[in-house]
Amino acid sequence: MQLSRIDLNLFTVFDAIYREGGITPASRRLHLSQPAVSHALGRLRELLNDPLFERRGHEMIPTPLARSLADSIASSLGNLEQMLQRVGHFEPGTAQRCFTIAARESHELTFLPALMNRIGTEASHIDIASVRIDRRDLEEDLQSGEIDLAIDVALPLSNDVRRERIGAEPLVVLARADHPVVQGKLDLETYTALSHILITGRRRGGGYEDGALARLGLSRHIKMRCQDHAAASQVVSRSELLATMTRSQALIVNRSTDNQLLPFPVEVPPLESFLYWHSNVDEDPASQWFRAQVKGCLADRSG
């Protein structure tokens, strides 16, 4: 017996007859005609090969098989009704769910602590998974629900992916406090003459700052590549290398060091960040709630 071939409305009729004790009161409960209820009962009798109810006077008495099925059918119908009532609603205080957000390590630094603090008391059963962003598969991952949100720079994605600008930050340069060349100010000539740390997860290629230099016909010597801003800050504090990053990242990682924070010596537009999600969750209440939490903690950070 395959569920896909069964009309589930037959079990609604069964439950009504069992509860009301007859076809006539069941038809009133279901707002159906008596012939329609009798026809449905006949189909269910044929399906289960059992009379299910036997008439005694004005009552329909359930058979042993009907009695054995009644509680399970009632429970299943109740669970289905509760599920349908929850459609279109999301209660963060009681919901149990894991939201996945794809971001770079640099963004984790600036929003994850605030996000966990924000939802900690309001949604104690909500879990968060932050995963590495894969730009090649980002649109597919958003569409499939593999990830719920992504944070990244401007990306060439289709119109099926929604985006919202969530910030734009200036670049700053870190140099150790007692740097022999850099003392309180940094010009372009000095910047390009010194060696640098490039903070990136990519194996090759430059960063945003290298693009700005290239437009001026300039380049810099990248002495070291690393993925972690805090590690770069530590290296800066023990060497003559410079590291370039956004201001919020620098303020966080420099808490454990005493590096100088200096303006990037080229006039460039602030580095923009965007929040990405798929259009298929535009109206989903759970997704709307999660987007609001992320945007809220990012707004708190910028404020």
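Source: prediction; values computed, not measured.

Quick look at the environment of A154 now. By the element assignment, A154 lies in the loop between β5 (149-152) and β6 (161-169). Judged by relative accessible area, A154 falls into the exposed class, the value being 52%. It is 6.7 Å that separates the C-alpha atoms of A154 and S273, two residues lying 119 residues apart in sequence. Excluding residues that lie within four positions of it along the chain, A154 makes contacts with E272, F274 and Y276.

Before going further, it helps to examine helix α5 (residues 105-119). With 15 residues, α5 extends 21 Å between its outermost C-alpha atoms, agreeing within 8% with the 21 Å of an ideal straight helix rising 1.5 Å per residue. In α5, a bend of some 40° at F111 exceeds every other bend along the element, and P113, a proline, comes one to four places later.

This next bit is on the sheet that holds strand β10 (residues 242-246). What the five strands build is an open sheet, ordered β9-β8-β10-β7-β11; its pairing is mixed. Each having just a single partner strand, β9 (221-226) and β11 (260-263) make up the two edges of the open sheet. Taken pair by pair, the neighbouring strands of this sheet meet at an average axis angle of 35°, ignoring direction. Pairing of strand β7 (residues 171-175) with β10 involves four bridges; the strand directions are antiparallel. Residue pairing in the sheet places L171 in a bridge with T246 of β10.

Neither face of β5 is left uncovered, since the one carrying L149 and I151 and the one carrying A150 and D152 both have all their residues buried. For strand β3 (residues 97-103) and β5, the ladder comprises two bridges, and the chain directions are parallel. Within β5, the position partnered with A102 by the bridge is A150. Here β5 pairs with strand β12 (residues 271-278) via three bridges, running antiparallel. Bridge pairing in β12 links A150 to Y276.

Glancing now at the pattern of salt bridges. Taken as a whole and assessed by the stated rule, the structure comprises 13 salt bridges. For R19, the salt bridge identified is with D15, shortest N-O distance 2.8 Å. Of this pair, R19 and D15 both sit in helix α1 (residues 9-20), separated by four residues, roughly a single helical turn. Note on D15: relative accessible area 12%, which makes it buried. Residues joined in a network through salt bridges with shared partners are R104, R135 and D152.

How each quantity is defined
Residues numbered from 1 in each chain as written. Predicted model: local features only at pLDDT ≥ 70, side-chain atom pairs only at ≥ 80, totals over all residues. Heavy atoms only, no water. Helix = DSSP H or I, 4+ residues; strand = E, 2+ residues; numbered from the N terminus. Buried < 20%, exposed > 50% of the residue type's maximum accessible area, 1.4 Å probe, protein only. Contact = heavy atoms within 4.5 Å. Expected span 1.5 Å × (residues − 1). Bend = angle between axes of the 7 residues up to and from the residue. Pairing = 2+ DSSP bridges. Axes fitted to C-alpha atoms, helices over the stretch in contact; angles between N-to-C directions. Salt bridge = Lys/Arg side-chain N within 4 Å of Asp/Glu carboxyl O.

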